[in-house]
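# Coordinate inspection notes
One-letter residues, chain by chain:
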Amino acid sequence: MKINGVKGMNDILPAQVGRWQEIERMAREVFALHGYREVRTPVVEPYALYARGVGETTDIVNKEMYVFEDKGEDKLALRPEGTAGTVRAYIEHGAHVEGPQKWFYIGPMFRRERPQKGRYRQFHQIGVEAFGIAEPAIDVEQIAMLADLFRRLGVAPVVHVNSVGDAACRPAYLEELRGWLRARGEVLCADCRERTEKNPLRVLDCKVPSCQPVLAEAPRLLERLCDGCRTHFDAVRQGLDDLSVPYQVNPRLVRGLDYYVRTAYEFTSDALGSQSAVAGGGRYDGLVETLGGPPTPGIGFGMGEERLALMLEAAGRPVPESRPAVFFVSADEAGRREGLQRATELRRAGIACDLDARGGKLARQFKQAERVGARYALVLGANEAASGQAKLKDMVTREETPVALADLASRLGTGPA
RNA sequence: GUGAGUGUAGCUCAAUCGGUAGAGCACUGGACUGUGGAUCCGGGGGUCGUGGGUUCGAACCCCAUCACUCACCCCA
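If you're wondering where the values come from, they're calculated on a predicted model, not measured in any experiment. (Residues numbered from 1 in each chain as written. Chains lettered and ligands numbered in written order. Predicted model: local features only at pLDDT ≥ 70, side-chain atom pairs only at ≥ 80, totals over all residues. Heavy atoms only, no water.)

### Observations concerning the sheet that holds strand β3 (residues 67-70)
Definition in use: At least two DSSP bridges between two strands are required for those strands to pair. For helices the rule is a DSSP run of H or I covering at least 4 residues; for strands it is a run of E covering at least 2, with both sets numbered from the N terminus onward. In this analysis an axis means a line fitted to C-alpha atoms, helices contributing only their contacting stretch, and an angle means the value between N-to-C directions, from 0 to 180 degrees. Any two residues having at least one pair of non-hydrogen atoms within 4.5 Å are treated as being in contact.
Across the sheet, 3 strands lie side by side as β2-β4-β3; this open sheet has antiparallel pairing. Strands with a single pairing partner mark the edges of an open sheet, and in this sheet they are β2 (44-46) and β3. Across the sheet, the mean angle separating the axes of adjacent strands is 40 degrees when strand polarity is ignored. Each of β2, β3 and β4 (74-78) is contacted by helix α2 (residues 47-55), which is oriented at about 70 degrees to β2, the strand it contacts most.

Spelled out as structure tokens, the structure:
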């Protein structure tokens, strides 16, 4: 009986793993350059963390979370996003006493949705969170940092920014919008009428053609921001201009999680199918307090690794792979023993090398050398073992040059080629 | 949760009107007993997703079911 993997949870095979490693290595490098430190939190958290933090009415919590009972004691959940757990850890360890904290995380998240292009039940996110900084400068820094990360990876998704207001201005706006939408119920699609009650902001980016002209006239939150939000948003835009980071103001940009206030932003690409967002983030000034910590401003983003990998692939970026510098080919038993010995020496010297442990015909061993992408091949037999002299064969040009086995390490340099 | 499309070899796919399953790539052996990629010849590999039905006969038609993909919802 063949057993298959769980729907929406994918294997990342060796041929593709280099893509993930490159993304993660680059992210770690860029984050370190900006003063962010890695945090690792569990994949499982109390269900209540998400119910309270992300919001009980969000789709993520009420229909997409993997929830289970731990031997009938506690209600637990597989994490659907990274912010809540990070905030929980921040509070639990009293990190606020040491001033602002800039953290990042990398790891799997879980949402039980129908899989499609760029969306999976287990997916991987790279995220950052900055705690204790209310100033717009940190919003700017994060957006610029992400843009820089993308640039280094050879892609350039478009940045959309918006302000979703805060407790001072959003509630009043939502009521105004809801009233406005109800008055136009007959001309809107069924989905829009439902969303008017559930999540009126969502109505604004309805894609149904007949809704578009109507919605273009809807009251705009950006024009009704309170002074604090207005000033903050202007400063974010000014900061992005100062750094020459290109962006688009998108008044219809909405975030799916309840905790966002003020700045909301999203990087999108048309290489991703209908799930166009590769990264999304925003400010969550009330979240730390909601989860039992001291009043602490916060802002962060989450980036989808699968989606970023899709973009790199679409951009034609090759998958980096490590290759052995030399592949030992054995002609006989003496050569096999010699090869294993030399390989061990080189490996201890930090030089990647390989051999076909099966031995066998030379042709097969050469084929193996080619398959693993070796730079050079070196045939060893009784003659070479006795003389200490061999021929180093360039796998591309096929040229052979004499080499003393004792000099191999210095000839091949150090580290994997 | 809803809708559509697709299921044939490890991968990508073909098979006319319903007539009993094939190609390329990959793998493997040989041509070539100390030298890989090209060429030639050979080999292994299939419950045609699964179950049922129609038929003398089903990869093909019908029903059911499962899986995958894409889209909706929503989001990374």
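### Quick look at the sheet that holds strand β11 (residues 298-304)
Spatially, 8 strands are ordered β1-β5-β6-β11-β10-β9-β7-β8 in an open sheet, and the strand pairing comes out mixed. The strands lining the two open edges of the sheet, one partner per strand, are β1 (37-38) and β8 (248-249). Here strand β7 (residues 158-163) runs beside β8; their pairing, made up of 2 bridges, is parallel. Within β8, the position partnered with His-160 by the bridge is Gln-248. The sheet contacts of helix α5 (residues 136-152) involve β5 (101-110), β6 (122-131), β7, β9 (261-268), β10 (277-283) and β11, and relative to β11 the element is tilted by about 20 degrees.

### A few points about the protein's contact with RNA strand B
So the rule is basically this: Being near a molecule or strand, for a residue, means having at least one of its heavy atoms within 4 Å of it.
Around RNA strand B, a shell composed of 45 residues is seen, among which Arg-119, Arg-202, Gly-256, Ser-274 and Arg-398 lie nearest. Taking the atoms of RNA strand B that fall within 4 Å of the protein, sugar and phosphate contribute 51% of them. Counting residues per element, the surface near RNA strand B draws most heavily on helix α14 (residues 362-371), at 6 residues.

### Some points on the packing of α5 against helix α10 (residues 227-242)
Note the following rule: Note on angle classes: values under 35 degrees are labelled roughly parallel, values over 145 roughly antiparallel, values of 65 to 115 roughly perpendicular, and the remainder oblique. A clockwise turn of the near helix away from the far one marks a right-handed crossing, whereas an anticlockwise turn of less than a right angle marks a left-handed crossing.
For the pair α5 and α10, interaxial distance at closest approach is 9 Å and the crossing angle is 45 degrees. What the angle tells us is that α5 and α10 run oblique. As for the relative orientation of α5 and α10, their crossing is right-handed in sense. Of the residues in α10, those touching α5 at Pro-136, Asp-139, Val-140 and Ile-143 are His-232, Ala-235, Val-236, Gly-239 and Leu-240.

### Description of the nonpolar core
To keep things clear, this is the line we draw: Here, the term nonpolar core denotes a set of buried Ala, Val, Leu, Ile, Met, Phe, Trp, Tyr and Cys residues that are joined through side-chain atoms within 4.5 Å. Relative accessibility thresholds used throughout: buried, under 20% of the residue-type maximum; exposed, over 50%; partly exposed, between the two (1.4 Å probe, protein chains only).
Counting 65 residues, the largest nonpolar core has Phe-31, Leu-146, Leu-149, Phe-150, Phe-267 and Leu-308 as the members making the most contacts within it. Take this core: its biggest share by element is 8 residues, from α5. Among residues more than four places away in sequence, those in contact with Leu-308 are Ile-23, Phe-150, Leu-153, Val-155, Val-278 and Met-303. If you look at the next biggest cluster of nonpolar residues, it comprises 30 residues, including Val-61, Phe-123, Leu-253 and Ala-264.

### A closer look at the packing of aromatic side chains
Inclusion rule: Centre distance within 6.5 Å is the pairing criterion for rings of Phe, Tyr and Trp, where only the six-membered ring of Trp is used; planes under 30 degrees apart are then read as stacked, over 60 as edge-to-face, and the remainder as tilted.
For the structure shown, the criterion picks out 11 aromatic pairs. Summarising the aromatic geometry, the rings of Tyr-90 and Phe-131 are spaced 4.2 Å apart at their centres and angled 25 degrees between planes, so their arrangement reads as stacked. Here Tyr-90, found in helix α4 (residues 83-92), pairs with Phe-131, found in strand β6; they are 41 residues apart in sequence, far enough to count as distant. In this structure Tyr-90 comes out as buried when scored by relative accessible area, which is 1%.

### As for unusual backbone geometry
With phi around 50 degrees, Lys-71 is a residue other than glycine that occupies positive phi space. Tracing the sequence through the fold places Lys-71 in the loop between β3 and β4. Overall, the relative accessible area of 78% leaves Lys-71 in the exposed class.

### Section: a negative patch on the surface
So the rule is basically this: In this scheme, patches are assembled from residues that exceed 30% relative accessible area and form no salt bridge. Like charges are connected within 9 Å, while nonpolar side chains (Val, Leu, Ile, Met, Phe, Trp, Tyr) are connected within 5 Å. The method behind every accessible area is Shrake-Rupley, applied with a 1.4 Å probe, and residues are considered shielded solely by the protein chains displayed. What makes a salt bridge here is a side-chain nitrogen of Lys or Arg within 4 Å of a carboxyl oxygen of Asp or Glu, nothing more. In this tally, Asp and Glu contribute negative charge and Lys and Arg positive charge; neither His nor the terminal groups of the chain are included. Taken as the charge location is NZ of Lys, CZ of Arg, CG of Asp or CD of Glu.
On the surface, Glu-69, Asp-70, Glu-73 and Asp-74 cluster together into a patch of negative charge. On the secondary structure map, Glu-73 appears in the loop between β3 and β4. Looking at Glu-73, the relative accessible area reads 63%, which means it is exposed.

### As for the side chain of Arg-262
With respect to the element layout, Arg-262 can be found in strand β9. In this view, Arg-262 contacts Asn-162, Ser-163, Val-164, Gly-165, Asp-166, Gly-228, Cys-229, His-232 and Arg-283; residues no more than four positions away in its chain are not counted.

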